[in-house]
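Report on the structure
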Amino acid sequence: MLIDRHNRIIDYLRLSVTDKCNLRCSYCMPEDMSFLSRAELLTYEEMFRIVSLLVPAGISKLRITGGEPLLRKDIMQLFRSLSGISGLKKIALTTNGTHTLRYLDELMELGVRSINLSIDSLDQERFFAISKRDLFQPVIACLQEMMTRDLDLRLNCVVMKDQNIDDIIPMVELGQDTAIAVRFIEEMPFNGHGGYYEKLEWDHQRILTHITARYPDFQKLPDPPNSTSLNYQVTGFKGTFGIIPAYTRSFCGSCNRIRLTAPGILKTCLYQQSQLSIRDIMRSGVSDEELLQTFQHAISNKALNGFEAEKANPTHISESMSLIGG
Ligand code: SAM
Ligand code: SF4
């Protein structure tokens, strides 16, 4: 088992397969973002080796993310190989929905049924203002189709002051007749240009207050183990809504995850500024045993929470979430 020094079992790996994206969500990356070269990214063979090594050690859930993961060339090759790893119980995907429909059938056939679709607005103009690209139609078509499929579908919506507050209630109302889980995420400072709020105005409490002012009749749902969202249901709705306190970080205590960024840096905490290049270690020719020991050692030193990890950082966060994968 992979266990950290706080006795937490680590069974979840988030793998960013590319930093490239066809949207420019303002909270994630600047318009003039420069992307990594192909040689700087982990290859599919390297990803397969890592996952094959970590699954027998205790990783049972994998999320493929990015950048926009479905933009990477021959991406289904990766899903096909990963789906053959025995012991890997769940392969999940986070996607912006622009290219997802064309892969949906094959993803489902491979058992990828847990899909997070990121959509920050149900209004075309606001979608454009946030994402800077005119791709609302394919994303809405993707959402509509996915709502008819047998999927564990979650919508991710980053809540941004002055940008998409008017979307919060319509998003909750998507769950009126459909068993969908909508999750509102506090904006984090991983925007690629170092900008941050002195105080986050739309934190989880304010989001909840906003929703419950419109729908005072709601229940708090039990949160699954290791859940990052506080989950609720409006009485009579089929769907649920959750709020992820990603910035105020009240969920860190039960963290079960590690991240590999697009260039193969291992982050044992989102807020850690790690330099541990798994890619370079692999390319230096280490054995599987040495590689596993590298993971075990890093995991054992995982920070207790995002605040502890942040304190150890020499500089303020300036990374783009597209490298890290969310
Ligand atoms: N491109 C895919 C997508 O948008 O779903 C996958 C990668 S994206 C980096 C993963 C998730 O991170 C998305 O749900 C996105 O909304 C979220 N995210 C990105 N930057 C963020 C930030 N600064 N604060 C909070 N969430 C963020
Ligand atoms: Fe692209 Fe996802 Fe970042 Fe938006 S959040 S710019 S869709 S990687």
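Just so it is clear, the model here is predicted, and its values are computed rather than measured. (Residues numbered from 1 in each chain as written. Chains lettered and ligands numbered in written order. Predicted model: local features only at pLDDT ≥ 70, side-chain atom pairs only at ≥ 80, totals over all residues. Heavy atoms only, no water.)

1. Concerning the overall build of the protein
Within the protein, the regular secondary structure consists of eleven helices and eleven strands. Here the C-alpha atoms of the protein give a radius of gyration of 19 Å, agreeing with the 20 Å that 2.2 N^0.38 yields for 326 residues. A principal-axis box enclosing the C-alpha atoms of the protein has dimensions of 55 × 40 × 40 Å. Put simply, the protein has 326 residues, and 56% of those count as buried. (Helix = DSSP H or I, 4+ residues; strand = E, 2+ residues; numbered from the N terminus. Rg over C-alpha atoms; globule rule 2.2 N^0.38 Å. Buried < 20%, exposed > 50% of the residue type's maximum accessible area, 1.4 Å probe, protein only.)

2. Here's the deal with the packing of aromatic side chains
Per the stated rule, a full pass over the model turns up five aromatic pairs. Relative to Phe237, the ring of Tyr215 lies with its centre 5.2 Å away and its plane at 65°, an arrangement referred to as edge-to-face. One end of the pair, Tyr215, is in the loop between helix H7 (204–214) and strand E7 (218–220); the other, Phe237, is in the loop between strand E8 (230–234) and strand E9 (240–244), with 22 residues separating them in the sequence. A relative accessible area of 12% means that Tyr215 is categorised as buried. Measuring from centroid to centroid gives 5.3 Å for Tyr232 and Phe241, while their planes differ by 20°, and the two rings are stacked. In this structure, Tyr232 and Phe241 share a single accessibility class: buried. Taken together, the aromatic side chains of Phe218, Tyr232 and Phe241 make up a single cluster linked through ring pairs. (Phe/Tyr/Trp six-rings, centres within 6.5 Å; stacked < 30°, edge-to-face > 60°.)

3. Points about the pattern of salt bridges
Counted by the stated rule, this structure contains 17 salt bridges. With a closest N to O distance of 2.7 Å, Glu106 and Arg80 form a salt bridge. A residue pair is termed long-range when its members are at least 10 positions apart, and Glu106 in helix H3 (residues 101–109) and Arg80 in helix H2 (residues 75–83) qualify at 26 residues. A relative accessible area of 45% means that Arg80 is categorised as partly exposed. Across the pair Arg149 and Asp105 runs a salt bridge, and its minimum N-O distance is 2.9 Å. With a gap of 44 residues between them, Arg149 in the loop between helix H5 (136–146) and strand E5 (152–159) and Asp105 in helix H3 connect regions that are remote in the sequence. Looking at Arg149, the relative accessible area reads 26%, which means it is partly exposed. Owing to a relative accessible area of 46%, Asp105 belongs among the partly exposed residues under this scheme. (Salt bridge = Lys/Arg side-chain N within 4 Å of Asp/Glu carboxyl O.)

4. So, the sheet that holds strand E1 (residues 12–16)
What the eleven strands build is an open sheet, ordered E7-E8-E9-E6-E5-E4-E3-E2-E1-E10-E11; its pairing is mixed. Two strands bound the open sheet, and with one partner strand each, they are E7 and strand E11 (266–267). Examined bridge by bridge, strand E4 (residues 114–118) and E5 share five bridges and lie parallel to one another. Pairing of Ile115 across the sheet is with Leu153, part of E5. Across the face of the sheet, H5 comes into contact with E4 and E5 while running at roughly 150° to E4. (Pairing = 2+ DSSP bridges. Contact = heavy atoms within 4.5 Å. Axes fitted to C-alpha atoms, helices over the stretch in contact; angles between N-to-C directions.)

5. Description of the nonpolar core
Core analysis: the largest hydrophobic core is formed by 105 residues, its most contacted members being Ile64, Phe79 and Phe184. Ranked by residue count, the leading element in this core is helix H1 (residues 44–57), at eight residues. Apart from residues lying up to four places away in sequence, Phe79 is in contact with Ile64, Leu70, Ile91, Leu93, Leu107, Leu110 and Val112. (Core = buried A, V, L, I, M, F, W, Y, C linked by side-chain atoms within 4.5 Å.)

6. What to know about the site of ligand 2
Taken together, Cys21, Leu23, Cys25, Tyr27, Cys28, Met29, Gly67 and Asn96 make up the full set of residues near ligand 2. When grouped by side-chain class, the residues that make up the shell around ligand 2 number six nonpolar, two polar and no charged. (Near = heavy atom within 4 Å. Nonpolar A, V, L, I, M, F, W, Y, C, P; charged D, E, K, R; others polar.)

7. Details of the site of ligand 1
As a matter of local geometry, ligand 1 sits amid 20 residues, with Tyr27, Gly67, Ser118, Asn156 and Met188 nearest to it. One nitrogen or oxygen atom from the side chain of Glu68 is found 3.3 Å from a nitrogen atom belonging to ligand 1. Of all elements in the fold, only strand E3 (90–95), E5 and strand E6 (181–186) reach the threshold of two or more residues within the shell around ligand 1. Within the shell around ligand 1, the residues separate by chemical class into seven nonpolar, ten polar and three charged. (Polar contact = N/O pair within 3.5 Å; in protein donor to acceptor, adjacent residues only side chain to side chain.)

8. Considerations on the pairing of E4
Here E4 lies mainly inside the structure; four of its five residues are buried. Inspection of the sheet shows E3 paired to E4 by four bridges, in the parallel sense. Considered in E4, the bridge of Ala92 is made with Ser114.

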